[in-house]
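Chain by chain, the residues run as shown.
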Amino acid sequence: QVQLVESGGGSVQAGGSMRLSCAASGNSFSTYWMAWFRQAPGKEREGVANINRAGVTKYAESVKGRFTISKDGAKNTPYLQMNSLKPEDTAMYYCAARGPRVWLDLDAADYNYWGQGTQVTVSS
């Protein structure tokens, strides 16, 4: 019922910046919470940041101070502004969503809608 499509990935040098977008369609009730996750080869999927309709955000410790999650417009499109990128940020980045909850952590199992991902590669 919900479709998520990420865009904005690519290759960048360490220290550079990149902005990811997630276009969402379908039942807006199911996208109260939206999040960005990432997964590198051989690693578990890692929560990066999330945001709810009230604008409350949460960040993984590894990206605090460097990444910013935000929303824009009536479509509630989430963005991920990534600054001061490091080689360890290299991963496939996924957009995820879930319906209303009082609070939601950065646990992949809590999200039931996922995009196909966009690759981010940071060279040293």
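Residues numbered from 1 in each chain as written. Predicted model: local features only at pLDDT ≥ 70, side-chain atom pairs only at ≥ 80, totals over all residues. Heavy atoms only, no water.

Caption draft 1: Representation of the overall build of the protein in the model. Helices and strands together make up the secondary structure of the protein, namely zero helices and eleven strands. Over its C-alpha atoms the protein spans a radius of gyration of 13 Å, differing by no more than 12% from the 14 Å that the globule rule assigns to 124 residues. Principal-axis analysis of the C-alpha atoms places the extent of the protein at approximately 40 × 25 × 25 Å. A buried classification covers 43% of the 124 residues belonging to the protein. Pairs at least 24 residues apart make up 58% of the contacts formed inside the protein by residues separated by at least 6 positions. Surface exposure of the protein reaches about 6,400 Å², of which carbon and sulfur atoms provide 47%. If you average the places of the 13 positive and of the 10 negative side-chain charges in the protein, the two averages end up 5 Å apart. (Helix = DSSP H or I, 4+ residues; strand = E, 2+ residues; numbered from the N terminus. Rg over C-alpha atoms; globule rule 2.2 N^0.38 Å. Buried < 20%, exposed > 50% of the residue type's maximum accessible area, 1.4 Å probe, protein only. Contact = heavy atoms within 4.5 Å. Areas by Shrake-Rupley, 256 points an atom, 1.4 Å probe, with all protein chains shown as cover. Lys, Arg positive; Asp, Glu negative; His and termini not counted. Charge placed at Lys NZ, Arg CZ, Asp CG, Glu CD.)

Caption draft 2: Main features of the pattern of salt bridges. Enumeration according to the criterion identifies four salt bridges in this entry. In this structure, the salt-bridge partner of R38 is E46, at a minimum N-O distance of 2.9 Å. Judged by its relative accessible area of 6%, R38 falls in the buried class. We classify E46 as partly exposed; its relative accessible area is 30%. Across the pair E61 and K64 runs a salt bridge whose closest N-O atoms are separated by 2.7 Å. (Salt bridge = Lys/Arg side-chain N within 4 Å of Asp/Glu carboxyl O.)

Caption draft 3: A look at the packing of aromatic side chains. Taken as a whole and judged by the stated rule, the model has five aromatic pairs. On the basis of an interplanar angle of 75° and a centroid distance of 5.2 Å, the ring pair of F37 and Y111 is categorised as edge-to-face. Of this pair, F37 sits in strand β4 (residues 33-39) while Y111 is found in the loop between β9 (91-98) and β10 (113-114), placing the two residues 74 residues apart along the sequence. Exposure class is identical for F37 and Y111. Each is buried. An aromatic cluster is built from Y32, W33 and W103, whose rings are joined through pairwise contacts. The side chain of R19 reaches across the aromatic face of Y79, ending 3.8 Å from its centre. Geometry around Y94 places R45 over its ring, the cationic atom sitting 3.9 Å from the centre. (Phe/Tyr/Trp six-rings, centres within 6.5 Å; stacked < 30°, edge-to-face > 60°. Lys NZ or Arg CZ within 6 Å of the ring centre and 35° of its normal.)

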